[in-house]
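Geometric and topological summary
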Amino acid sequence: MLRATLKSLLSRKLRLVLSALAVVLGVMFVSGSFVLTDTLNRSFTDLFTNVYSGVDVSVTAKEKAGSPGTLPATMVDRVEAVNGVEKAVGQVNGSARAIGKNGKVLTTAGAPRLGFAWTGDESQIEMRDGTGPKTDTQVTINAFLASTGGFKVGDQIELITLEPKKKFTVAGIFGYPGGRDSLGGELSAGFTEPVAQQLLLGQKDTFTDIKVTAAAGTSQDQLRDRLSSELGGDYVVKTGTQLAKDQADQIQEGLKFFNYILLAFAGIALFVGIFIILNTFSIIVAQRTRELALLRSMGASRGQVIGSVVLEAFVIGLIASVVGLGAGFGVGALLANFFATFGGGNLKLAGIGLPMSAVISSFAVGIVVTLIAAVMPALRASRIAPVAAMREAATPDRPLTRPTVAGALILAAGGTAMGFGFVQQSLVLIFGGVLAAFVGVALLTPLVSRPMVSLIGRLLSWSMPGLLGRRNSARNPRRTAITAAALMVGIALITGVSVVLTSATASITKLADTQVRSDLIISGETGADGTSAHFAVDTIDKIKAKPGVRSAFGFAGEPALVNDEQSWVSSVTDVLAMQQQFGLQAKEGTFAPLGATQMAISEDYATQKNLKLGSTMRIQLAKGEATTFTVAFVWAKSQVMQGMVLSSSAIEHLRIPQLNNAFVQVNSGASVTDVQKSIEPFFADNPEVSVQDRSAFVKQQTSQFDTVLLMIQILLALAIIIAVLGVINTLALSVIERTRELGLLRAIGMRRAQVMRMITVESIVISVFGAVLGIAVGTALGVATVAALKDEGITELGFPWMTMVQYLVVAAVVGVVAAILPAIRAARLNVLDAIAYE
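Quick caveat, the model's predicted, so the values are computed rather than measured. (Residues numbered from 1 in each chain as written. Predicted model: local features only at pLDDT ≥ 70, side-chain atom pairs only at ≥ 80, totals over all residues. Heavy atoms only, no water.)

Another point: the domain arrangement of the protein chain. The assigned domain composition of the protein chain is domain 1 (51–250), domain 2 (417–424 + 437–517 + 695–838) and domain 3 (534–685). The C-alpha-based centres of domain 1 and domain 3 are spaced at 34 Å. Opposite the 9 residues of domain 1 that make contact, domain 3 presents 15 residues. Roughly 970 Å² is buried in total at the junction of domain 1 and domain 3, and carbon and sulfur atoms are behind 51% of that figure. Viewed at the interface, domain 3 and domain 1 are joined by 0 salt bridges. There are 2 residue pairs in polar contact (both at pLDDT 80 or more) connecting domain 1 and domain 3. (Domains from an automatic or database assignment. Contact = heavy atoms within 4.5 Å. Buried area = accessible area lost by both parts, 1.4 Å probe. Salt bridge = Lys/Arg side-chain N within 4 Å of Asp/Glu carboxyl O. Polar contact = N/O pair within 3.5 Å; in protein donor to acceptor, adjacent residues only side chain to side chain.)

The strand order across the open sheet formed by 4 strands is 3-13-1-14, and the pairing between neighbours is antiparallel. Only two strands of the sheet have a single neighbouring strand rather than two, namely strand 3 (85–91) and strand 14 (235–239). Looking at each pair of strands side by side, their axes are set apart by 20° on average, direction ignored. Bridging between strand 1 (residues 57–61) and strand 14 involves 5 bridges; their strand directions are antiparallel. Bridged to S58 within strand 14 is K238. Relative to strand 14, helix 6 (residues 220–231) is tilted by about 175°, and along the sheet it contacts strand 1, strand 3, strand 13 (209–214) and strand 14. (Pairing = 2+ DSSP bridges. Helix = DSSP H or I, 4+ residues; strand = E, 2+ residues; numbered from the N terminus. Axes fitted to C-alpha atoms, helices over the stretch in contact; angles between N-to-C directions.)

Quick look at the packing of aromatic side chains now. Scanning all chains against the criterion turns up 15 aromatic pairs. Geometrically, the ring pair formed by F174 and Y176 is edge-to-face, given 5.9 Å between the ring centres and 80° between the ring planes. In terms of burial, F174 and Y176 fall into one category: buried. Ring centres of F555 and F582 lie 6.4 Å apart, and the angle between their planes is 25°; on these two criteria the pair is classed as stacked. Remark: F582 occurs in helix 16 (residues 575–582) and F555 occurs in strand 16 (residues 549–562); sequence separation between them is 27 residues. Considered together, F555 and F582 belong to a single accessibility category, that of buried residues. Linked through ring pairs, F116, W118, F174 and Y176 together constitute an aromatic cluster. (Phe/Tyr/Trp six-rings, centres within 6.5 Å; stacked < 30°, edge-to-face > 60°. Buried < 20%, exposed > 50% of the residue type's maximum accessible area, 1.4 Å probe, protein only.)

A word on empty space enclosed by the protein. In the structure shown here, the tally under the stated rule is 1 cavity of 30 Å³ or more. Taken as a whole, the largest cavity holds about 30 Å³ of empty space. A96, R97, A98, R113, L114, L145, L159, L187, S188 and A189 are the residues that line the largest cavity. Looking at the lining of the largest cavity, the elements that each hand over two or more residues are strand 5 (97–99), strand 6 (113–117) and strand 11 (187–191). (1 Å grid on protein atoms, 1.4 Å probe; cavity = no way out; pocket = protein on both sides within 12 Å on 5 of 7 lines; lining within 4 Å. Points joined across faces, edges and corners; volume = space filled by probe spheres on them.)

Further remarks concern helix 16. When helix 16 is considered as a whole, its buried residues turn out to be V575, A577, M578, Q581 and F582. The buried residues of helix 16 occupy an angular sector of 155° when the element is viewed end-on, so they sit on one face. Buried residues along helix 16 sit in contact with strand 16, strand 17 (565–572), strand 21 (627–635), strand 22 (644–646) and strand 23 (661–666). At the N-terminal end of helix 16, a side-chain oxygen is found 3.1 Å from the backbone nitrogen of L576, two or three residues along, and the residue is D574. (Arc of directions from axis to C-beta.)

In this structure, S763 sits in helix 21 (residues 752–788). Of the residues examined, S763 reaches a relative accessible area of 0% and is grouped as buried. Setting aside anything within four residues of it in sequence, one finds S763 in contact with V727, L731, G815, A818 and A819.

Attention shifts here to the pattern of salt bridges. In this structure the tally under the stated criterion is 15 salt bridges. Linking K166 and E163 is a salt bridge whose minimum nitrogen-to-oxygen distance equals 3.3 Å. Under the relative-accessibility criterion, K166 is labelled partly exposed at 34%. Note that E603 is salt-bridged to K587, the shortest N-O span being 3.8 Å. Taken together, the positions of E603 in helix 17 (residues 603–609) and K587 in strand 18 (residues 586–588) put the pair 16 residues apart, joining distant regions of the chain. The exposure class of E603 is buried, given its relative accessible area of 19%. Several salt bridges share partner residues, and in doing so they unite K101, K152 and D155 into one network.

Bringing the pairing of strand 9 (residues 156–160) into the picture now. Successive side chains on a regular strand alternate, one facing one side of the sheet and the next facing the other. Pairing of strand 5 with strand 9, which is carried by 3 bridges, proceeds in the antiparallel orientation. Considered in strand 9, the bridge of R97 is made with I160. Here strand 9 folds back onto strand 10 (residues 166–175) in antiparallel fashion, the turn holding 5 residues.

For S518, the position within the fold is in the loop between helix 14 (477–514) and strand 15 (520–524). Classification of S518 as buried rests on a relative accessible area of 0%.

Quick look at the packing of helix 14 against helix 19 (residues 694–737) now. Here helix 14 crosses helix 19 at 175°, and the two axes come no closer than 8 Å. Between helix 14 and helix 19, the interaxial angle falls into the category roughly antiparallel. Taken together, the residues of the contact of helix 14 with helix 19 sort by class into 18 nonpolar, 10 polar and 4 charged. (Parallel < 35°, antiparallel > 145°, perpendicular 65-115°, else oblique. Nonpolar A, V, L, I, M, F, W, Y, C, P; charged D, E, K, R; others polar.)

Right, let's get into the packing of helix 12 (residues 427–457) against helix 14. Running from N to C, helix 12 and helix 14 point in directions that differ by 130°, and their axes come no closer than 8 Å. Judged by the inter-axis angle, helix 12 sits oblique to helix 14. For the element pair helix 12 and helix 14, the recorded crossing hand is right-handed. Between helix 12 and helix 14, the contacting residues are V434, F438, V441, A442, T445, P446, S449, R450 and V453 on the first element and P477, R478, T480, A481, A485, M488, V489, A492 and L493 on the second. Looking at the contact of helix 12 with helix 14 residue by residue, the class counts come to 13 nonpolar, 3 polar and 2 charged. (Left-handed = near helix turned anticlockwise from the far one by under 90°.)

For strand 15, the buried fraction is high: 4 of the 5 residues fall into the buried class. Of the pairings in the sheet, the one linking strand 15 to strand 23 comprises 4 bridges and is antiparallel in character. Paired with L520 across the two strands is V664, which belongs to strand 23. By the bridge criterion, 5 bridges tie strand 15 to strand 24 (residues 689–693) in an arrangement that is antiparallel. In the sheet register, L520 faces strand 24, and the bridge partner there is D693.

To continue, consider the environment of A215. With respect to the helices and strands, A215 occurs in the loop between strand 13 and helix 6. Separated by 129 residues in sequence, A215 and E86 have C-alpha atoms that sit 4.4 Å apart. Ignoring anything within four residues of it in the chain, the contact list for A215 reads G84, V85 and E86.

Here it is, written out as structure tokens:
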């Protein structure tokens, strides 16, 4: 029986390849994810080990209200006086963004844009040209910033820090050992110490940390313990090794989340692959009816027949796992190199490795998925009676009652799980419900397959080949349904996300048009490295003085400790202007200017924190001591403004005492464009800040949804590619199954071109059917999600009609492409051989 199974497998090599390909792609995604994250984890560990190699111990102030603290200059002498310290050097680090020669701010793909105080103690730095900064108008930049911006020694460079752009002269360019232009794609600029303190920290004679070098004979751990004992609990003392580990752990945590996302999409691809393998084995079992029946008549038991099919699945899964693992290693290596290059071209990879997690997961996933998909066909094969060997290899349609009932129950269970998941905010229940819903729909699909396929096929049945193609696609509802269901999954997920994002865009647009009365919004860019732009508080007064301006106000915000819990706190320059422009209504108390120790809160925030008029909260901002604030008034529920606001006097106690954004309303009859032009010069020295009208601002904010959708489409492309392979697989096996029929058609006069057209129509009908299913299911999922998110601000329901039409067109094109190889194979059949085919 074993020999017969292996011979059967080897005699159908094309079937083996087509069956394994779907699993190969899924396994490739899984193993590639592990290879990528393992390589990047080790690379970042090496990076931070290198960064802190010159640090024995570092001393920093404890965070205050979630913001890093600063150290007074006197701390350097105090640290240096501790036994075992050879040298202590104060460090100043912060954000500094360079402006390119084209007037635009230079960005990175996520690496920081750093400013620091040049101390002359930079042991890792190699000067490429020039010197360190000698005067307060000079800076020294790293070679990556020089190459990115096209700067050389003697050039003028403009930098944005806590203050608007300032012009400096490039005194020198430095790199790192090994010919590297940066450590990890960062853009760095070194100032003189006084300038760095003023521009990066906003105060003189302060440091962000102190780098300590241990004396000979003193270990890092010993020095850390001595400093901790001497300095007390107000300071954080860590060894260089510990700092490197902490930084690497933070990166690894982010990469772990990234890996989960990749594995989730790999899981989707494998889920689609199950449909393909299930369909493939079902067709194979149908084609081997006489063969399996002969085996039964020769004495093979049902268990041996099941074992035969399962063994075939195991071999396919094993081969697919090996090939997928190898392909995944290559893909992981390619993505790691792409990441290193795209991230700045200077992240030195630690070497591509093959972690055991990739090997284990590849074989576990590849073999298990294949075996699961083969179970039902194997059981079906075992039920073939020996007498079937004496009949033609035909597989009569079975009743759809059982799968229909099962599909309805599973779909209902999936919908219920999704509902509970949204209520309880459980991702496990939501994703489990979506998975169950897909299975339920797949089981229900054969019920609608024949009428839907017949309806779609009418559009293409204007000729005899088209009519035959339409009838062929409706001949076996189960087979057509499973093939279409594979394509349905990817399109349904993309459509569901599109509905949610379109609805979110419509909700934001309506909110801006109906509730926000601001005509102009002033906001700063947030770079990929997380740095955001700010502007001076007094800019609001300058704006108010401009002709045509009715009112203007701004927000400044950052994390703070509210009743010992970290929370976001905002300060507003003019609470009455905020009320007027955002259309806020008082719920408790009356809108009035806030005092220094007063706060205003939204009704939702009051309910959440159990607060009311006159309640107090203790708030610790980045600067100064903790202060008790009293609720002066509560505004009614609003989708525009929620949370809490403090008065403008609190801004000076923030780590960055500047505004994040501002809102301007013009007088009735005044030109918004003219007012905008009069305001823009205030931000000429800060190209990160832009002044936009309301519609342009909304468009900018919602453009992020397009990026999200594009990323999801790219990640789901693999699932759709696997589904396309499923269409090819089904058609190819169907051509083999219908060899004699095709020979007879050719014998009675059908031309090769007509045969190809018939196969193409069949492929298009199946693909479009899958797209229609996907759009319908995705729309239902999207509508359900929007309804669940109504309290989160998505109040409008929108449908991406053009996107849906595009998916149908793409599905038709996919059908044409998928039909190419099967159609050519069918057209090339020898008529006499085909008629004689058994």
